[in-house]
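Here are the chains, one letter per residue:
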Amino acid sequence: MSGTDRYVSPLSERYASKEMQYIFSPDMKFRTWRKLWIALAETEKELGLSITDEQIEELKANAENINYDVAKEREKVCRHDVMSHVYAYGVQCPKAKGIIHLGATSCYVGDNTDIIVMTEALKLVKKKLVNVIAELSAFADKYKDQPTLAFTHFQPAQPTTVGKRATLWTQEFLLDLEDLEYVLGTMKLLGSKGTTGTQASFLELFDGDQETIDKIDPMIAEKMGFKECYPVSGQTYSRKVDTRVANILAGIAASAHKMSNDIRLLQHLKEVEEPFEKSQIGSSAMAYKRNPMRSERIASLSRYVMVDALNPAITSATQWFERTLDDSANKRLSIPEGFLAIDGILDLCLNVVDGLVVYPKVIEKHMMAELPFMATENIMMDAVKAGGDRQELHEKIRTLSMEAGKNVTIFSGSQFANGCFHRLFLLLPRNFRTALYAHISVHVRIQMHAGKAAVCTGFGQHRMNQITIGLGILTFDHQLVPVFSVDSAVNTGHRFQHPDRIGKAGFPDLIFEHICGVHCRCPHVRFPHAGKADHTNITDRR
């Protein structure tokens, strides 16, 4: 049989690592069953039952070589997976077959193995999550000085830095790591508590010696590498444990989904790009496409994991009394597949972050288009300090910004695109225009607008790219006019109309035009700082 005539899970074929697949493999499961039977036999022997060293050694000698064919044939007869493997183990261990599974119920091997498997899977998830956090931290450090346009409601807001934005993703993964470490640190075995959690079978085996019976669970836990067992249970450990574990996975998935969505949007803006291989095909029809397929896959798998967390929650809520078996089939799907999916997600996250490409020129272009709007908040703060009314100023700035925004949309690319600063200056109350601009001074740097963005990366102080807003005052015939100039790595200058061309009512015509490589010289321009007129040529300060 070729294997192409039946369904195969994409999680094992396409997404999950070999390490995670092994944790949920039949080999891991049934070898753990046998280790648990050995631990039980050793414990019972040490507490006084008539079990020999020879029997124990026989069990240990066959702990790894599972005779699957025998178990499979036996299950066709008895319709019970645990008892079929008890039988198969007994075939290999004829001297010990009479003490295998002594005093235990099926959940002794089934549930304890589930706890062990989930614990090992959480350890692997933790390792990969730490690697993603480390890679994101390195990325944040590398780009902590790269200013970029921040978005709220996916509308241009105030500047941040590329590194600062990455710390948002990092912090969410750190919260997931905290939750994971807590749950991992509280994982306990079921132990061997019998059919209803009363250890009734052991009361019979040890003639009602409660002191001896109380030693069983701690001894089994130690032999299996755990600190303790849950103090009470029904036949199973509480299915609330599965809920807690699945919620950890769902939390990681939510963080990954948020990061991948941001990257997809940024790739649309051409500011960043996930790794794209030389021979990779983006579209079967549109050969030019560079689709963010890895980030899209992260989002797709993440939605699956988040929804999958409902399965253990509903199962936990609907268990009857000491147990019902309607948990079993659901657990076989929801827990392994949740882990396999999150494993693939974290591998993808590591791949994307490690190869994430940043395009500073595109970022700067978007920044420059929005800088006049960004400066308005600081203008409002300084205007209030100079004596203005915050609410009145907010309304004036809002009105002017809406008008300027409309112009940007209608006249995009023309010299009329943004007259926000100039119109704002003209509409400010006359009684504090001079004081306001004298207070703001000539230089309002991007650092001022970006606030603590780079410091928030957690890597200390930094030097931002030298992009400067020069917001000062020019005087034409003793009348104050705002100046907007840019100093950056790109060849950007600003041309101003000569005073002779402005006219007596020419202020609204003083529109600032971005052109490349122009040195503006207006001999009639002066900067009235500190009460002293300093005749200065305006040049492109690169």
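This one's a predicted model, so the numbers in the text were calculated from it and none came from an experiment.

Draft legend 1. Looking closely at the overall build of the protein chain. Across its full length, the protein chain holds 21 helices and 11 strands. Expressed as a percentage of its 542 residues, the buried residues of the protein chain come to 49%. When contacts within the protein chain are restricted to residue pairs at least 6 apart in sequence, long-range pairs at least 24 apart make up 73% of them. As presented, the protein chain carries roughly 27,100 Å² of accessible surface, and 54% of it is formed by carbon and sulfur atoms.

Draft legend 2. Structural detail: the packing of helix α7 (residues 106–142) against helix α12 (residues 240–268). Relative orientation of the contacting elements α7 and α12 amounts to 20°, with a least axis distance of 12 Å. Classified by the interaxial angle, the pair formed by α7 and α12 is roughly parallel. Classified by chirality, the crossing of α12 by α7 is left-handed. Contacts between α7 and α12 pair I115, M118, L122, V125, L129 and L136 from the former with V241, D242, V245, I252 and M259 from the latter. Residues of the contact of α7 with α12, tallied by class, amount to 10 nonpolar, no polar and one charged.

Draft legend 3. Looking closely at the side chain of T113. Relative to the helices and strands, T113 resides in helix α7. On the accessibility criterion, T113 (2% relative accessible area) is buried. Each residue touching T113, except ones within four places of it in the same chain, is listed here: K29, T32, W33 and L36.

Draft legend 4. Summary view of the packing of aromatic side chains. Per the counting criterion, the structure on display carries seven aromatic pairs. Ring centres 6.1 Å apart and planes at 75° place the aromatic pair W33 and W37 in the edge-to-face group. Note that W33 and W37 are positioned in helix α3 (residues 26–46) at a spacing of four residues, about one turn of the helix. Residue classification places W33 among the buried residues on the basis of a relative accessible area of 2%. Taken together, the aromatic side chains of F30, W33, W37, Y68 and Y89 make up a single cluster linked through ring pairs. One Lys or Arg, R74, reaches over the ring of Y87 and ends 4.5 Å from the middle of that ring. Over the ring of Y237 we find R239, and its NZ or CZ is 4.6 Å from the ring centre.

Draft legend 5. Spatial organisation of the pairing of strand β1 (residues 147–152). Of the pairings in the sheet, the one linking β1 to strand β2 (residues 155–161) comprises five bridges and is antiparallel in character. Opposite T148, over in β2, you have T160 as the bridge partner. What sits between β1 and β2 in their antiparallel hairpin is a turn of two residues, with H153 showing a positive phi close to 60°.

Draft legend 6. Just the nonpolar core, in detail. Core analysis: the biggest nonpolar cluster contains 102 residues, and F173 and F339 have the highest contact counts within it. In terms of residues, this core owes the most to one element, α7, which gives 17 residues. Non-local contacts of F339, meaning those with residues more than four positions away in its chain, are made with M20, F24, M118, A121, L122, V125, V245 and L249.

Draft legend 7. Fine view of the pattern of salt bridges. Evaluation of the coordinates by the stated rule reveals 24 salt bridges. A salt bridge links K45 to D53, with the shortest nitrogen-to-oxygen separation between them at 3.1 Å. Since its relative accessible area comes to 30%, K45 is described here as partly exposed. Two residues, D327 and R239, come together in a salt bridge whose shortest N-O distance is 2.7 Å. On the criterion of sequence distance, the pair formed by D327 in the loop between α14 (310–317) and α15 (328–354) and R239 in the loop between α11 (216–223) and α12 is long-range, its members being 88 residues apart. Of the two residues, D327 and R239, neither departs from the other in class, the shared state being buried. A network of salt bridges, in which partner residues are shared, links E42, E46, K60 and K223.

Draft legend 8. Examining the side chain of E271 more closely. The residue E271 is located in the loop between α12 and β3 (272–273) in this model. Buried and unpaired, E271 has no salt bridge, with R165 as the nearest side chain of opposite charge at 4.5 Å. Non-local contacts of E271, meaning those with residues more than four positions away in its chain, are made with T148, L266, V357, V358, Y359, V362, I363 and H366.

Draft legend 9. Seen up close, the packing of α12 against α14. Packing of α12 against α14 brings their axes to within 8 Å, and their N-to-C directions diverge by 160°. Put simply, α12 runs roughly antiparallel to α14. As for the relative orientation of α12 and α14, their crossing is left-handed in sense. Residues K240, D242, T243 and A246 of α12 pack against P312, A313 and S316 of α14. Of the residues in the contact of α12 with α14, the class split is three nonpolar, two polar and two charged.

Draft legend 10. Examining a negative patch on the surface more closely. Negative charge collects at one region of the surface, where E204, D207, D209, E211 and D214 lie side by side. If you trace the backbone, E204 turns up in helix α9 (residues 200–205).

Draft legend 11. Here's a closer look at unusual backbone geometry. Backbone geometry places H153, a non-glycine residue, at a positive phi of 60°. Topologically, H153 is positioned in the loop between β1 and β2. Of the residues examined, H153 reaches a relative accessible area of 78% and is grouped as exposed. If you check the backbone angles, Q199 has positive phi at about 55° while not being a glycine. Along the polypeptide, Q199 turns up in the loop between α8 (162–185) and α9. Overall, Q199 belongs to the buried group, its relative accessible area being 11%.

Draft legend 12. Molecular detail of the environment of A61. Tracing the backbone shows A61 in helix α4 (residues 53–61). Given a relative accessible area of 60%, A61 falls into the exposed group. As for A61 and C93, which are separated by 32 residues in sequence, their C-alpha atoms are 8.8 Å apart.

Draft legend 13. Spatial organisation of the environment of L47. Structurally, L47 is set in the loop between α3 and α4. Sequence-distant contacts of L47, that is, excluding residues within four places in its chain, are made with F206, T212, K215, I216 and M219.

Draft legend 14. Structural detail: the confidence of the model for the protein chain. The predicted model of the protein chain has a mean per-residue pLDDT of 79, with 72% of residues at 70 or higher. Note that pLDDT drops below 50 for residues 435–449; the model gives that stretch 53 contacts with residues more than four away or on any other chain. This stretch, residues 458–542, has a pLDDT under 50; its non-local contacts, to residues over four places away or in other chains, come to 200 contacts.

The rules behind each value
- Residues numbered from 1 in each chain as written.
- Predicted model: local features only at pLDDT ≥ 70, side-chain atom pairs only at ≥ 80, totals over all residues.
- Heavy atoms only, no water.
- Helix = DSSP H or I, 4+ residues; strand = E, 2+ residues; numbered from the N terminus.
- Buried < 20%, exposed > 50% of the residue type's maximum accessible area, 1.4 Å probe, protein only.
- Contact = heavy atoms within 4.5 Å.
- Areas by Shrake-Rupley, 256 points an atom, 1.4 Å probe, with all protein chains shown as cover.
- Axes fitted to C-alpha atoms, helices over the stretch in contact; angles between N-to-C directions.
- Parallel < 35°, antiparallel > 145°, perpendicular 65-115°, else oblique.
- Left-handed = near helix turned anticlockwise from the far one by under 90°.
- Nonpolar A, V, L, I, M, F, W, Y, C, P; charged D, E, K, R; others polar.
- Phe/Tyr/Trp six-rings, centres within 6.5 Å; stacked < 30°, edge-to-face > 60°.
- Lys NZ or Arg CZ within 6 Å of the ring centre and 35° of its normal.
- Pairing = 2+ DSSP bridges.
- Core = buried A, V, L, I, M, F, W, Y, C linked by side-chain atoms within 4.5 Å.
- Salt bridge = Lys/Arg side-chain N within 4 Å of Asp/Glu carboxyl O.
- Lys, Arg positive; Asp, Glu negative; His and termini not counted.
- Patch = residues over 30% accessible without salt bridge, like charges linked within 9 Å, V, L, I, M, F, W, Y side chains within 5 Å.
- Charge placed at Lys NZ, Arg CZ, Asp CG, Glu CD.
- pLDDT = per-residue confidence, 0-100.

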